[in-house]
Amino acid sequence: MSRLHSRKENPVVKTLIYIVLIFLTILSLFPFVIMVVNSTRNTPEIQTHAVSLIPSKYLLQNWAVFGGKTFNPGRGFMNSFIISAGATICTVYFSTLTAYALVAYRWKMRDAFLTLILCVMMIPPTVTSIGTYQFMYKIGMTNNLLALIIPAIAAPSSVFFMRQFMLASLPLELLDSARIDGSKEFRTFNQIAMPIMKPAMATQAIFCFVNSWNQLFLPSILLTRNELYTMPIMVSQLKGDIYKVEYGAVYLGLTLTVLPLFIIYFALSKYIIAGVALGGVKG
Amino acid sequence: MENTKKHGFSYAKYGYLFSIPFVVIFLIFHLYPTINTAILGFTDCKGLGNTTWHFLQGDIFRNFKTVLASDTFRLALKNTLVLWIVNFIPQMCLALLLTAWFTSRRNKIRGQGFFKVVFYMPNIITAATVAILFNALFAYPKGPVNDLLVSWGILENSFNFQVSQTAARLTVSFIQFWMWYGYTMIILISGVLGINPEIFEAAEIDGANNWQMFWQITIPNLKTIMIYTLITSMIGGLSMYDIPKMYLAGGPNRATTTVSVFIYDQAFAGSYMYNRAAAASMILFLIIAACSAVVFYMMRDKD
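1. Some details on the overall build of chain B
Helices and strands together make up the secondary structure of chain B, namely 12 helices and 2 strands. Along its sequence from the N terminus, chain B presents helices and strands in the succession β-β-α-α-α-α-α-α-α-α-α-α-α-α. Overall, the C-alpha framework of chain B stretches about 85 × 75 × 35 Å when taken along its three principal axes. Taking all 303 residues of chain B together, 54% fall into the buried category. Long-range pairs, those at least 24 residues apart, make up 69% of the contacts in chain B between residues at least 6 apart in sequence. Within the structure as shown, chain B displays about 13600 Å² of accessible surface, and the carbon and sulfur contribution to it stands at 64%. Counting 21 positive and 14 negative side-chain charges, chain B places the centres of these two groups 6 Å from one another.

2. Some thoughts on the nonpolar core
In this structure, Leu-21, Tyr-100 and Ile-130 of chain A together with Leu-98, Phe-119 and Tyr-120 of chain B are the most contacted members of the largest nonpolar core, which totals 180 residues. Residues from two domains meet in this core; each of domain 1 (11-57) and domain 2 (73-231 + 269-277) of chain A gives at least three. Among the nonpolar cores identified, the runner-up in size contains 6 residues, and Ile-195, Phe-200, Ala-208 and Ile-217 of chain B belong to it.

3. A closer look at helix 1 (residues 12-40) of chain B
In an α-helix, one full turn covers 3.6 residues, which means residues spaced three or four apart are oriented alike. Over its 29 residues, helix 1 of chain B extends 39 Å from the first C-alpha to the last, a length consistent with the 42 Å expected when each residue adds 1.5 Å. Considering bend angle alone, the principal kink of helix 1 of chain B is centred on Ile-20 of chain B and spans about 45°; proline Pro-21 of chain B follows within four residues of it.

4. Some remarks on the domain arrangement of chain A
What the domain assignment reports for chain A is domain 1 (11-57) and domain 2 (73-231 + 269-277). Placing the centre of domain 1 of chain A and that of domain 2 of chain A at their C-alpha centroids yields a distance of 37 Å.

5. Some points on the environment of Leu-259 of chain A
Among the structural elements, Leu-259 of chain A can be located in helix 15 (residues 247-277). For the pair Leu-259 of chain A and Ile-26 of chain A, spaced 233 residues apart in sequence, the C-alpha separation works out to 19 Å.

6. Things to note about the interface of chain B and chain A
In this assembly, 102 residues from chain B lie in contact with 103 residues from chain A. Of the roughly 9500 Å² buried between chain B and chain A, counting both surfaces, carbon and sulfur atoms make up 74%. For the side of chain B that touches chain A, the leading source of residues is helix 1 of chain B, giving 20 residues. Its residues placed into classes, the side of chain B that touches chain A shows 68 nonpolar, 22 polar and 12 charged.

7. Section: helix 2 (residues 11-38) of chain A
Residues and elements named next belong to chain A. Look at helix 2: 39 Å from first C-alpha to last across 28 residues, which is about the 40 Å you get at 1.5 Å a residue. Along helix 2, the largest kink reaches about 35° and is centred on Leu-29; proline Pro-31 follows within four residues of it. Along helix 2, the positions that sit buried rather than exposed are Lys-14, Ile-17, Leu-21, Leu-24, Thr-25, Ser-28, Pro-31, Phe-32, Ile-34, Met-35, Val-37 and Asn-38.

8. What to know about the layout of surface pockets
Here the second largest pocket is characterised by a volume of approximately 710 Å³. In terms of lining, the second largest pocket is formed by 28 residues, of which the most central are Ala-100, Trp-101, Ser-104, Asn-210 and Phe-214 of chain B. Taken together, the elements giving at least two residues each to the lining of the second largest pocket come down to helix 2 of chain A together with helix 3 (71-102), helix 7 (165-193), helix 8 (197-205) and helix 9 (210-238) of chain B. Considering each element in turn, the lining of the second largest pocket owes the most residues, 7 residues, to helix 9 of chain B.

9. Concerning the packing of helix 12 (residues 198-214) of chain A against helix 15 of chain A
All names here are of chain A. Running from N to C, helix 12 and helix 15 point in directions that differ by 145°, and their axes come no closer than 10 Å. Here helix 12 and helix 15 pass one another in a crossing that is left-handed. Taking contact as the criterion, the partners of Thr-203, Ile-206, Phe-207, Phe-209, Val-210, Trp-213 and Asn-214 in helix 12 are, on helix 15, Thr-257, Pro-260, Leu-261, Ile-264, Leu-268, Tyr-271, Ile-272, Gly-275 and Val-276. Considered class by class, the residues forming the contact of helix 12 with helix 15 number 12 nonpolar, 4 polar and no charged.

10. Looking at the pattern of salt bridges
Opposite charge on two side chains allows them to pair when their charged atoms are near. All names here are of chain A. Applying the stated criterion to the full structure yields 5 salt bridges over all chains. For Glu-185, the salt bridge is made with Arg-179, and the minimal N-O distance between the two is 2.7 Å. By relative accessible area, Arg-179 is classed as buried at 11%. A network of salt bridges, in which partner residues are shared, links Asp-176, Arg-179 and Glu-185.

11. Concerning the packing of aromatic side chains
Scanning the entire structure with this criterion turns up 53 aromatic pairs over all chains. Here Phe-135 of chain A and Tyr-32 of chain B contribute two aromatic rings whose centre-to-centre distance is 5.1 Å and whose plane-to-plane angle is 70°, an arrangement assigned as edge-to-face. With one member in each of two chains, Phe-135 of chain A in helix 7 (residues 129-138) and Tyr-32 of chain B in helix 1 form a pair that bridges those chains. The class for Phe-135 of chain A is buried, based on a relative accessible area of 10%. On the basis of relative accessibility, which here comes to 34%, the residue Tyr-32 of chain B falls in the partly exposed class. Pairing Phe-42 of chain B with Phe-61 of chain B gives two aromatic rings, centres 5.6 Å apart and planes at 75°, and the pair type is edge-to-face. Taken as a pair, Phe-42 of chain B in the loop between helix 1 and helix 2 (62-69) and Phe-61 of chain B in the loop between helix 1 and helix 2 lie far apart in primary sequence, 19 residues in all. Relative accessible area serves as the criterion here: at 44%, Phe-61 of chain B is assigned to the partly exposed category.

Parameters and conventions
- Residues numbered from 1 in each chain as written.
- Chains lettered and ligands numbered in written order.
- Predicted model: local features only at pLDDT ≥ 70, side-chain atom pairs only at ≥ 80, totals over all residues.
- Heavy atoms only, no water.
- Helix = DSSP H or I, 4+ residues; strand = E, 2+ residues; numbered from the N terminus.
- Buried < 20%, exposed > 50% of the residue type's maximum accessible area, 1.4 Å probe, protein only.
- Contact = heavy atoms within 4.5 Å.
- Areas by Shrake-Rupley, 256 points an atom, 1.4 Å probe, with all protein chains shown as cover.
- Lys, Arg positive; Asp, Glu negative; His and termini not counted.
- Charge placed at Lys NZ, Arg CZ, Asp CG, Glu CD.
- Core = buried A, V, L, I, M, F, W, Y, C linked by side-chain atoms within 4.5 Å.
- Domains from an automatic or database assignment.
- Expected span 1.5 Å × (residues − 1).
- Bend = angle between axes of the 7 residues up to and from the residue.
- Buried area = accessible area lost by both parts, 1.4 Å probe.
- Nonpolar A, V, L, I, M, F, W, Y, C, P; charged D, E, K, R; others polar.
- 1 Å grid on protein atoms, 1.4 Å probe; cavity = no way out; pocket = protein on both sides within 12 Å on 5 of 7 lines; lining within 4 Å.
- Points joined across faces, edges and corners; volume = space filled by probe spheres on them.
- Axes fitted to C-alpha atoms, helices over the stretch in contact; angles between N-to-C directions.
- Left-handed = near helix turned anticlockwise from the far one by under 90°.
- Salt bridge = Lys/Arg side-chain N within 4 Å of Asp/Glu carboxyl O.
- Phe/Tyr/Trp six-rings, centres within 6.5 Å; stacked < 30°, edge-to-face > 60°.

In structure tokens, the structure reads:
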């Protein structure tokens, strides 16, 4: 091929591209930088100059504002963690199992089942929230964290992702030789199929955890008792009147809710980006 | 796949067996609530914590008619469409531009991994947190954004972004745009990387420039992925709740009330009109289904 005209770089264009990219980088980071810095400043400082890159010394005072109020970061963190971890385990394990049923076996209803999963993927949860709330109320599962964990066993988009991955990477001959060795079907799944699915399970685990952590609509209607509030519900309390004049405390509260996500994100960003590229997450 | 039958023994039953947990939970916690929502739309169910209800006498569609005739609902529907379109078009344009840059064979961009990580980051942050953070950033008169705009001399005096209806709508759209363009970009880049590189090489030999290759090869090959992005974004956009609810609680003067905010306000505030909220949910569901069907149909037609 003619390398002469295909590899010419245009320095002006390239500089322009970098300028735009750096601008977008600032746009992405700036709100969070302001948030973290302002969480260490007090209200008078923020009112004289809302933008500063130099941290101040009021972090502990801002923290003290939360004492005895509904915003209780420790408890919110625990509740969110229990829900997210529980939902993640349910989603990942049972989605893999359901995908296994779809890939490893040939059964009459299989294609109909897959079509159903594809259709259900399209329904946004807000649309069915009224019926969900009424149902949970009737069976006494409002104000119960399990109401947000158990439904995660049926996660259509996760099943679909697992199925795609399994079709490409699970050799069915392997299952046959396990059978010849006398392995029972459920054991074959747990000890042979699951290890092969580890990369896909990890991807799904990250997205399921983050999605569950960030949920607001369902938790806010199902959990009405203070001690069950999740992080996002507590964040929504920060807009209340008690924090009207406590600017620093509001920024600190926001920072605290974001902190676990930042840690997960920057530790696993490589896998997260790769997972998004695989279509592992729904928009 | 032929090996599901061996030793005269059928393994098909395990397919059913292993699907049971999914199916049971799906029927109880997903399908039943969905049907329940549809049914409630035809009843008189309202009031805090009420579980007894009756089907409407006379006009069974009364809730649907009330919702469709409601000013607030119509405005909410309009707002939802405006907020989604105003965020989606620039989001897609920027994502395409970045995709073209990052996959350009002529100008190799350094630090792509870093830029992807940074651009995608807002997407994983709790939407409620993002909304309240922007509420603080756009505060009047002394929020960080006003502070910057005044000290740089762009504005003479602070501007109250949260009282102007247009500014509030634009801000909500901007937040959505800001949270989602990185995601769209990554999806599109992975689409471009999936295109056979020989097509590009052949085009280069024929003397095609970057611009021509982008419009003649990249875009046509990305069509399926762009439609996927369009549909998922549309479903998410039409049920948008967290940002408008948390940013200004649907205000000012209902300017950012979306259909989902309307549903929440009907069911869980004021007089707890579950029946109307359920009817509104079903209307939203039908709109989403119809829009998705139209997009699917358009895609199928051209292939």
